[in-house]
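One-letter residues, chain by chain:
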Amino acid sequence: MAPSYKEVVEGARKAYAEGKTRPIAFRRQQLQQYKKMLTDHKDEFLKALVSDLNKPQLEAVIFEVDFALKDVDFLLENLDRLVKTEEVQSVVPGDKSLLVREPYGVVLVMGAWNYPLQLSLIPAAGAIAAGNSVIIKPSEVSPATANAIAKYLPQYLDKDCFRVVLGGVPETTELLKERFDYVFYTGSTTVGRIVREAANKYLTPTTLELGGKCPCYVDGTADLDIAVRRILWGKMFNLGQTCIAPDYILCPRGIQDAFVNKAKEVLKEWYGEDMKKSPYLCRIVAERHVDRLVSYLKDGKVVIGGRYDKASKWVEPTVLVDVKENSGVMKDEVFGPILPILNVNTPDEAITFINKGEKPLAMYVFSKNKADVDKFLERVSTGGVTVNDTLHHSANPNLPFGGVGYSGMGAYHGDQTFYTFVHIKPVLVREYDATQEKILSARYPPYTAEKLKI
Ligand code: NAD
């Protein structure tokens, strides 16, 4: 019989309490094993990603397996620097003031289905590097990848310290009743709130990597030939099921036609006349998401695409114009290959429009006008920004990745993947030095008026 969640968490806590996860040599060896697992079973992971999402191999390699491998490499290369206790300046001469990187204890990592490998494995690697025990709960919506993680991880990593649990909503609801020392969640804003409420019971700190509508502004100065390619790439990658995919376009009416014409040309060039036959496009993860996406087709005029096939979980890359502002496609995060275009006359109008909604996870501004770009950077609060391209701010380890407001809290990637999972513990060490004690004794009673003058 599989152990209960309580037993799983207790087991991970025991291993942590025994100090098993703390030695740097152990962390390093486990991260090396992690790499070995990803390399030895790369083909099985790629097959699982085809089964879950029909991920084209290039996307699966670059943005799942190799993406995770790169982060593990980064952690390995930087581990000695990251774990090092830092000495900072003291106030009283003779003291030692230290910043200690202390692991939290037992970390729960909950992944989402759209990048089902890296969204579970990268945070878990950070938690291991930081010296925690880790419980990974991959998404049940991408079962092949979840099963592959559950199968291979225990073959490579220490079974007491690192565990994988599987399950859907009822199981996760039970799991969240347990006490963790840190929860790292990736998924929708609605479920993020549930996770935070559960964590609140024990005041457990959380990172929430959530979603939202990522706006994309294009003005008349943008090089449309390049801009359209960069926007469509960011949108059609993973068939639109990317948390930072450009969700909708804001542009002046005057450039809309040119944008649509160019988009038709580029989509045909990349995916052919019959896009369904293209080997370069994923499938939608589940039939219910096909239904949701199809319901958006009535929210505007379809100028590109619009076809779908529920049985094969297919929705064609689609562009909508004359979109109603209060329609479903503009209320929900699209999370699929449908790109609505709305018209604005000025950057200020675009900023006002964006700021009427919740703070986005990402924003894209395509413009050669620096003053206008700066306006967006100054006036829109968003998780991250790429100017004149899409998605790329998430691929630089020197740029922490995360949301703000409804799009999330906390961040990871690069150093932050480590720092997320440690408490920075300030430590002051004082000796029994007679000269120092003489100075310090001014704090002891009696509190004479003379002492106040010091
Ligand atoms: P999902 O259905 O895979 O859910 C994510 C996790 O939440 C899973 O582990 C799942 O088991 C759990 N879960 C689902 N319902 C639950 C419930 N009622 N109670 C407890 N746990 C529950 O993924 P999703 O939510 O459909 O993910 C899509 C969303 O995730 C989008 O909004 C997207 O923008 C966002 N996302 C964000 C990031 C990011 O890095 N910020 C990355 C990927 C996806």
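Residues numbered from 1 in each chain as written. Predicted model: local features only at pLDDT ≥ 70, side-chain atom pairs only at ≥ 80, totals over all residues.

Visitor: In this structure, what is going on with the UniProt feature "domain: Aldehyde dehydrogenase" (unreviewed entry) in the chain? I would like to understand it.
Guide: Per the UniProt entry, the sites bearing "domain: Aldehyde dehydrogenase" (unreviewed entry) are residues 5-426 in this numbering. For residues 5-426, helix accounts for 44% and strand for 18%, while the C-alpha atoms at its two ends are 33 Å apart. (UniProt positions renumbered as here; feature names shortened; annotations may be inferred. Helix = DSSP H or I, 4+ residues; strand = E, 2+ residues; numbered from the N terminus.)

Visitor: What's the story with the site of the ligand in this structure? I'm lost.
Guide: Taken together, the neighbourhood of the ligand is formed by 27 residues, with Ser-139, Gly-187, Ser-188, Gly-211 and Cys-243 sitting nearest. Mapped onto the shell around the ligand, the elements with two or more residues apiece are helix H7 (169-175) and helix H8 (189-200). Taken together, the residues of the shell around the ligand sort by class into 12 nonpolar, 11 polar and 4 charged. (Near = placed C-beta within 6 Å. Nonpolar A, V, L, I, M, F, W, Y, C, P; charged D, E, K, R; others polar.)

Visitor: I'm lost on the nonpolar core in this one. Help?
Guide: Generally speaking, a soluble globular protein has its nonpolar side chains buried in company with each other. By size, the foremost hydrophobic cluster in this structure holds 122 residues, and its most contacted members are Val-107, Val-109, Ala-125, Val-134, Val-218 and Ile-341. Those residues in contact with Val-218, other than ones at most four positions away along the chain, are Ala-227, Ile-249, Cys-251, Ile-255, Phe-259 and Phe-366. (Core = buried A, V, L, I, M, F, W, Y, C linked by C-beta atoms within 7 Å. Buried ≥ 20, exposed ≤ 12 C-beta atoms within 10 Å, placed from the backbone. Contact = placed C-beta atoms within 7 Å.)

Visitor: Looking at this model, I keep getting lost on the sheet that holds strand S1 (residues 86-88). Mind explaining?
Guide: Strands in a sheet are paired, the pairing made by backbone hydrogen bonds, and the direction either parallel or antiparallel. Ordered in space as S1-S2-S18, the 3 strands form an open sheet in which the pairing is antiparallel. Of all the strands in the sheet, the pair left with one neighbour each is S1 and strand S18 (422-429). Strand-to-strand, the axes of this sheet are offset by a mean angle of 30 degrees, without reference to chain direction. Note: S1 against strand S2 (residues 96-103), 3 bridges, orientation antiparallel. In the sheet register, Glu-87 faces S2, and the bridge partner there is Leu-98. (Pairing = 2+ DSSP bridges. Axes fitted to C-alpha atoms, helices over the stretch in contact; angles between N-to-C directions.)

Visitor: Looking at this structure, I do not really get the environment of Phe-421. What am I missing?
Guide: If you trace the backbone, Phe-421 turns up in the loop between helix H15 (415-419) and S18. Considering only alpha carbons, one finds Phe-421 and Ser-139, 282 residues apart in sequence, at a separation of 21 Å. Filtering out sequence-adjacent residues up to four positions away, Phe-421 remains in contact with Pro-103, Tyr-104, Val-107, Gly-126, Ala-127, Ala-130, Asn-132 and Tyr-182.

Visitor: Just to check I follow, could you spell out the sheet that holds strand S8 (residues 215-218) for this structure?
Guide: Spatial strand order, S10-S13-S14-S9-S8-S15-S16: 7 strands in an open sheet with mixed pairing. The sheet is open, and its two borders are formed by strand S10 (301-304) and strand S16 (384-387), each paired with just one other strand. Adjacent strand axes in the sheet meet at a mean angle of 25 degrees, parallel and antiparallel pairs treated alike. Pairing of strand S15 (residues 362-366) with S16, which is carried by 4 bridges, proceeds in the parallel orientation. Opposite Ala-362, over in S16, you have Gly-384 as the bridge partner.

Visitor: How should I be thinking about the UniProt feature "active site" (unreviewed entry) in the chain in this particular structure?
Guide: Residues annotated in UniProt with the feature "active site" (unreviewed entry) correspond here to Glu-209 and Cys-243. A stretch of 35 residues holds the annotated residues, and the largest C-alpha distance among them is 9.2 Å, short enough that they meet in one place. Overall, the presence of 26 C-beta atoms within 10 Å leaves Glu-209 in the buried class. With residues near it in sequence (within four places) discarded, Glu-209 still touches Tyr-185, Thr-186, Gly-402, Gly-403 and Gly-408. Secondary-structure assignment places Cys-243 in the loop between helix H9 (224-236) and strand S9 (248-251). Beyond its immediate sequence surroundings of up to four residues, Cys-243 is in contact with Asn-114, Gly-211 and Leu-361.

Visitor: I tried to follow the packing of helix H2 (residues 24-40) against helix H6 (residues 143-156) on my own but got confused; where do I start?
Guide: One can describe the packing of H2 onto H6 by two numbers: an axis separation of 9 Å at closest approach and a directional angle of 135 degrees. For the element pair H2 / H6, the angle class is oblique. Here H2 and H6 pass one another in a crossing that is right-handed. Side by side, H2 and H6 meet where Gln-33, Tyr-34, Lys-36 and Met-37 of the first sit next to Tyr-152, Leu-153 and Tyr-156 of the second. In the contact of H2 with H6, the residues fall into 5 nonpolar, 1 polar and 1 charged. (Parallel < 35°, antiparallel > 145°, perpendicular 65-115°, else oblique. Left-handed = near helix turned anticlockwise from the far one by under 90°.)

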